[in-house]
Each structure stands twice: as structure tokens, then as C-alpha cells.
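Breakdown of the fold
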Amino acid sequence: MSWKRERPETPRGYHHGNLKEELVRAALGLIREKGPNGFTFAEAARMAGVSPAAPYRHFRDRDELLADVAARGFQAFEVALSRAWDQGRPDPETAFHRLGRAYLAFAHDEPAYYSAMFEAGVPLDASAELRAAADSAFACLRQASEALIAQLPQGKRPPALMMALHIWAMSHGIAALFGRADGGRRPLPMSASDLLEAGTLIYLQGLGIGRNSPPKPD
């Protein structure tokens, strides 16, 4: 998502087509420019072209604005992950790797949203909408984990929550270190997607799930 606009010479009054959406857009632009903690509420108002008092009609403060941005980010994230998982078609392992690529693509293509979601320090309980959106996004990883471990014999299945957390940590770490779209990206002699796929294969084979894993006796 790209967004660019010239800053107005002087702020306008409250009369604004859709101030809430404009403030969110302004916040996304400022996050890309300065990071989630590098701007003030007044700067967001100025970027949106309104008076410093106008944003208070929609948001209590900058943190509430950031929580709204993060919730929107998680909603878009959940859509991307669900589309990639596609109910485990054509098979759970193929879909699982596709899910990982979607995770990295979102982090790369939507850095402002991703930063608001994971780097702004906004508590998930800052709003019911943020908590619900974050839980829905994580549920995609858990659902995929449940589908994969269902292939293992009873009694040899790891907890789905633990597996989802492991995969999440690996995906997030690779995205943060090697999948960024800014100067913080670390050099890597392969693509971030290839690195994640290799790590996921090793992890799954360790559980006995990978295609080349030895069979697990009942």
C-alpha cells in the first residue's frame, strides 16, 4: 500500500470528508517515515490537514490511533493468511509453506501496518477490536498447525498451540531480520522465503511430518 500527499500550508478546521480515515492514513505515512513512536498526535493532525484539536473527536490520544491502525493491520493480515492457507488445499504441507510466504510478503509489502502491529508497543487489550483482530490472525497459524499434526499418530502429536508459536516466532524473526523493505534488512545469500521454507521443512521433519520424514510407528 503506497500513500503520499503534500502537507498543507495551514491546518483546516474539522469540516473534513472522512477525518478518521484520513488520520489513519496520516499515521501510516508517519510510521513509514519516522517509525511508530517517532511522531506526535499533533503531527498526525497536521499531516491530515486539520487543527490539533480535531482528532480528539475520534481518538483519545496517539496510542488509541495506533491501536486502530494495528487492528486494521491485523485484519488485513488475517485476510492474507487465510487466503494463503485456503483451508489446507491441495494438502496441508503445501498450504503451510504458502502460509509462510504470505507472512513474509505482508511484512515486506505493508511495513507500516506490520510496525504498528508488532513494534509500537500497543497492548492487545487496548481495544476489543485489536484483540479480536490479532486473535483471528493467529488462529490461522493454529488452524494450520492442527491440520498438520493431525497426520501424526495419536499420542505423538505436539500441542497445536506450541507448534503455532514456534512457527510464528520463526516467521517473525526472519521477517524482522531478512524480510524488511527498509535499511534494516540484513544481507542474506538467499531469499527470506527460501530461508523460512528450509527452516519449516527441518521443523516439520523433526516432528515426522515432512514428506521425507521417516514413518512414525503407531
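Attention in this report is confined to the structure presented alongside it. (Residues numbered from 1 in each chain as written. Predicted model: local features only at pLDDT ≥ 70, side-chain atom pairs only at ≥ 80, totals over all residues. Heavy atoms only, no water.)

**Quick word on the overall build of the chain**
A count of helices and strands for the chain gives eight helices and zero strands. Secondary structure of the chain in N-to-C order comes out as α-α-α-α-α-α-α-α. Evaluated residue by residue, the chain yields a buried proportion of 42% over its 218 residues. In the chain, the proportion of contacts linking residues at least 24 apart, taken out of those at least 6 apart, comes to 64%. Surface accessibility of the chain: about 11,300 Å² in total, with carbon and sulfur atoms responsible for 53%. (Helix = DSSP H or I, 4+ residues; strand = E, 2+ residues; numbered from the N terminus. Buried < 20%, exposed > 50% of the residue type's maximum accessible area, 1.4 Å probe, protein only. Contact = heavy atoms within 4.5 Å. Areas by Shrake-Rupley, 256 points an atom, 1.4 Å probe, with all protein chains shown as cover.)

**Quick look at the pattern of salt bridges**
Here the structure, examined in full by the defined rule, presents 13 salt bridges. Asp68 serves as the salt-bridge partner of Arg72, at 2.6 Å between the closest nitrogen and oxygen. In this pair, Arg72 and Asp68 are both assigned in helix α3 (residues 62-85), four residues apart and thus about one turn of the helix distant. We note a salt bridge from Asp135 to Arg131, for which the minimum N-O separation is 3.5 Å. Note that Asp135 and Arg131 are positioned in helix α6 (residues 128-149) at a spacing of four residues, about one turn of the helix. Assessed through its relative accessible area of 40%, Asp135 is described here as partly exposed. With a relative accessible area of 31%, Arg131 lands in the partly exposed category. (Salt bridge = Lys/Arg side-chain N within 4 Å of Asp/Glu carboxyl O.)

**Remarks on empty space enclosed by the protein**
With the rule as written, the count across this model stands at one cavity of 30 Å³ or more. If you add up the space inside the largest cavity, you get close to 100 Å³. Phe96, His97, Leu99, Gly100, Arg101, Leu141, Ile167, Ser171, Ser193, Leu196, Glu197 and Thr200 together form the lining of the largest cavity. Looking at the lining of the largest cavity, the elements that each hand over two or more residues are α4 (92-109), α7 (160-178) and α8 (192-207). It is α4 that provides the largest number of residues to the lining of the largest cavity, a total of five residues. Residues belonging to the lining of the largest cavity are distributed by class as follows: five nonpolar, five polar and two charged. (1 Å grid on protein atoms, 1.4 Å probe; cavity = no way out; pocket = protein on both sides within 12 Å on 5 of 7 lines; lining within 4 Å. Points joined across faces, edges and corners; volume = space filled by probe spheres on them. Nonpolar A, V, L, I, M, F, W, Y, C, P; charged D, E, K, R; others polar.)

**Observations concerning the nonpolar core**
Ranked by internal contacts, the top residues of the largest apolar core, which has 67 residues, are Leu65, Val69, Phe74, Phe77, Phe96 and Met163. For this core, the elements supplying multiple residues, two or more each, are α1 (19-34), α2 (41-48), α3, α4, α5 (111-118), α6, α7 and α8. Broken down by element, the residue count for this core peaks at 11 residues, all from α3. Aside from chain neighbours lying at most four places away, what touches Val69 is Val24, Ala27, Leu28, Ile31, Tyr113 and Ala116. (Core = buried A, V, L, I, M, F, W, Y, C linked by side-chain atoms within 4.5 Å.)

**Brief notes about the layout of surface pockets**
Here the largest pocket defines a volume of roughly 280 Å³. What lines the largest pocket is a set of 21 residues, and nearest its centre among them are Asp63, Glu64, Ala67, Asp68 and Ser127. Tallying contributions element by element places α3 first for the lining of the largest pocket, with nine residues. Class assignment of the residues belonging to the lining of the largest pocket gives a composition of eight nonpolar, five polar and eight charged. In this structure, the second largest pocket occupies an estimated 220 Å³ of space.

**Some points on the packing of α4 against α8**
Where α4 contacts α8, the two axes come as close as 10 Å, and the packing angle between them is 140°. The angle between α4 and α8 places the two elements in the oblique class. Like other packed secondary-structure pairs, α4 and α8 cross with a definite hand, here right-handed. Here α4 contributes Glu93, Phe96, His97, Gly100, Arg101 and Leu104 to the contact with α8, which in turn contributes Ala192, Ser193, Leu196, Glu197, Thr200, Leu201 and Leu204. Its residues assigned to classes, the contact of α4 with α8 shows six nonpolar, four polar and three charged. (Axes fitted to C-alpha atoms, helices over the stretch in contact; angles between N-to-C directions. Parallel < 35°, antiparallel > 145°, perpendicular 65-115°, else oblique. Left-handed = near helix turned anticlockwise from the far one by under 90°.)

So yeah, pure geometry; function would need other evidence.
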